[in-house]
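# Architecture and fold: a report
Take a look at the letters that make up each chain.
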Amino acid sequence: MVKRIQSIRGMHDILPETEIHWSWLEAQIRMLVESYGYRRIRLPIVEKTELFARSIGAVTDIVEKEMYTFEDRNGDSLTLRPEGTAGCVRSGIEHGFLHNQLVRLWYSGPMFRHERPQKGRYRQFHQVGVETFGMTGPDIDAELILMSARLWKALGIKNLRLEINSLGSQEARERYRKQLQDYLYRHADRLDEDSRRRLKTNPLRVLDSKDAGTREVLKEAPQLLAALDAESREHFEGVCGILDMAGIDYTINPRLVRGLDYYSRTVFEWISNELGAQGTVCAGGRYDSLVEQMGGRPTPACGFAMGMERLLALLESQALLPEIPPPDVYVLSQGTAERRHALHIAESIRQSRPDLRILVHCGEGGLKAQMKRADRSGAEVALIIGVDELASDYVTVRRLRGESMQKQVPRSELLLELARHRPSPENFSAPGKAGEAGVK
Ligand code: HAM
């Protein structure tokens, strides 16, 4: 037996019956973000490893243990992108579209992290993200949150909770880091192993430990919000003020620190309780130092990314996914000349009615078997082209839903007949000759 090759663990095929939901969701998101003035950018999936190490942070989980890094044939170290922000910043600096400009971008595509796969956590997953550059104030942070809230509303998603926090300026965060580290060192014996390790390298990450003992220690730990610099505090109050005015509920979570190092000031997450352990469907924040840190001129920046798999799982659990539309017309035929005729008729209908989904039966099968398929396809109407039809230039039209009906329609009246079953959408102007009624 030949050994079959399987897909890689944590990397999934998206089959047509599911893909249709992906395309639909992407279209919804695209419509929304473009209505806010965001423009799409497409970036490479592979970047130099150094890009991620320097932006996401050398001592983060992503860079330390989750990246798909390899040497290419030139001996360069490359990495499959684990997220999209670093690439956007790299591209912005490279093409000079960041400095002194107001930029709103969005992107969509696969990301790669070698995490332990489980429900809602994959090794190849997909994000739609937005990034903004050049805006310093709390207005843009709030716009991002309002835009995501509008998306949930447009999709009908309920029960998402918004958590926000401020990490302060880079300096304030550095100061706080020291305070927290000093405090945690004094209680190191009560921390879990992972937190003890992080304590040295990335003490802020100890704040989101799930370990009960560590959480007990954290109760008395110095508070991040208390250590904020005055400007960051004002900025954070600005964001909260806009959210209050817009009636968006949120919780300030002082332990929200995020897993990537580039953030400063506002960070936020939209979380669902319906997805198990991997409940964060959308997350982001401000990263004012990153552009400069990557070699660009100082440029304020803010963005977020949503996990497509998690959003789709949520839409499914809330029964919000659209039904897959059946074909409108199923064309049956038997015999070589009839099949040729059937394809020709279908093409001429498509010429005038590109809105119709027309499925021509190709391959084997008698008319009876084809009719069964037509019925199962969910199509509204079947067109039958047999020997008689071919000889006398008419088409047999059979209604497959509701009250049954079958009649013979001259080819010149076929479009009119189809319009009875499936009227043209309003404002629909067919290409080709205006007022053309028949099919030739
Ligand atoms: P992140 O929190 O690492 O942030 O990822 C954003 C979202 O991607 C998560 O909330 C989750 O929905 C989804 N996600 C992350 N990892 C996985 C995984 N292994 N499997 C399935 N879904 C996953 C970022 O990536 C930042 N670049 C967001 C950002 C943009 N911040 C500013 N701009």
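Refer to the structure printed above.
The structure presented is a predicted model; accordingly, all values stated were derived computationally and were not measured.

## A few points about the environment of S352
Following the sequence through the fold, S352 ends up in helix α12 (residues 336-352). Overall, S352 belongs to the buried group, its relative accessible area being 7%. Each C-alpha atom, one on S352 and one on L415, is 8.2 Å from the other, the two residues being 63 residues apart in sequence.

## Thoughts on the packing of helix α6 (residues 170-186) against helix α7 (residues 193-201)
Relative orientation of the contacting elements α6 and α7 amounts to 140 degrees, with a least axis distance of 10 Å. Taken together, the axes of α6 and α7 lie oblique to each other. Where α6 crosses over α7, the handedness of that crossing is left-handed. Each of R177, Q181, L184 and Y185 in α6 lies in contact with α7, whose residues at this interface are L199, K200 and T201.

## Observations regarding the site of the ligand
By nearness alone, 26 residues border the ligand, and E83, E115, E131, R258 and Y263 come closest of all. In this structure, Q127 approaches the ligand through a side-chain N or O atom, which is 3.0 Å from an oxygen atom. Protein chains bury 96% of the 660 Å² of accessible surface belonging to the ligand in isolation. If you list the elements that add at least two residues to the shell around the ligand, you get β6 (124-133), β10 (280-286) and β11 (301-307). Top contributing element to the shell around the ligand by residue count: β10, with six residues. A breakdown of the residues in the shell around the ligand according to their chemical character gives eleven nonpolar, eight polar and seven charged.

## Examining empty space enclosed by the protein
All chains considered together, the criterion is met by three cavities of 30 Å³ or more. Computed from the structure, the largest cavity encloses a volume of approximately 50 Å³. Around the largest cavity, the lining residues are L43, P44, E47, F52, R81, E83, G84, G87 and Y107. By residue class, the composition of the lining of the largest cavity is four nonpolar, two polar and three charged.

## Section: the nonpolar core
Ranked by internal contacts, the top residues of the largest apolar core, which has 46 residues, are F133 and L184. If near-sequence neighbours (up to four positions away) are discounted, L184 is found in contact with L191, L199, P203, V206, V217 and L218. In terms of nonpolar packing, the next biggest core, distinct from the first, is built from 40 residues, I140, W152, I164 and W270 among them.

Scoring rules and cut-offs
In every chain, residue numbers begin from 1 and rise along the written sequence. A pLDDT threshold of at least 70 governs which residues receive local features in this predicted model, and a stricter bar of 80 or more applies before side-chain atom pairs are shown or counted, although totals over entire chains, interfaces and linings include all residues. Side-chain descriptors were evaluated using all non-hydrogen atoms of the structure, hydrogens and water having been removed beforehand. Each helix corresponds to a stretch of at least 4 residues labelled H or I by DSSP, and each strand to a stretch of at least 2 residues labelled E; elements are numbered beginning at the N terminus. Under the scheme applied here, a residue whose accessible area is under 20% of the maximum for its type counts as buried, over 50% as exposed, and between as partly exposed, the area being computed with a 1.4 Å probe on protein chains only. Here an axis means a line fitted to C-alpha atoms, over the contact stretch when the element is a helix, while the angle between two N-to-C directions is reported on a 0 to 180 degree scale. Each angle is binned into one of four classes, with values under 35 degrees roughly parallel, values over 145 roughly antiparallel, values of 65 to 115 roughly perpendicular, and all other values oblique. In a left-handed crossing the near helix is turned counterclockwise from the far helix by less than a right angle, and in a right-handed crossing that turn is clockwise. Whether two residues touch is decided by their heavy atoms; if any such pair falls within 4.5 Å, the residues are in contact. By convention in these notes, a residue is near a molecule or strand provided one of its non-hydrogen atoms lies within 4 Å of it. Polar contacts, as counted here, are pairs of nitrogen or oxygen atoms within 3.5 Å of one another; within protein the pair requires one atom able to donate a hydrogen and one able to accept it, and residues that are adjacent in sequence qualify only if both atoms are side-chain atoms. Accessibility throughout is a Shrake-Rupley quantity obtained with a 1.4 Å probe, and a residue counts as covered only by protein chains that appear here. Ten residues, namely Ala, Val, Leu, Ile, Met, Phe, Trp, Tyr, Cys and Pro, are considered nonpolar, four, namely Asp, Glu, Lys and Arg, are considered charged, and the remaining ones, Gly among them, are considered polar. Each cavity reported here is a set of points on a 1 Å grid over the protein atoms alone in which a 1.4 Å probe fits but cannot get out, each pocket an open set with protein on both sides within 12 Å along at least five of seven lines, and each lining residue one with an atom within 4 Å of a point. Grid points are joined across faces, edges and corners, and a volume is the space filled by probe spheres set on the points. Working definition of a nonpolar core: buried Ala, Val, Leu, Ile, Met, Phe, Trp, Tyr and Cys residues. They are joined through side-chain atoms within 4.5 Å.

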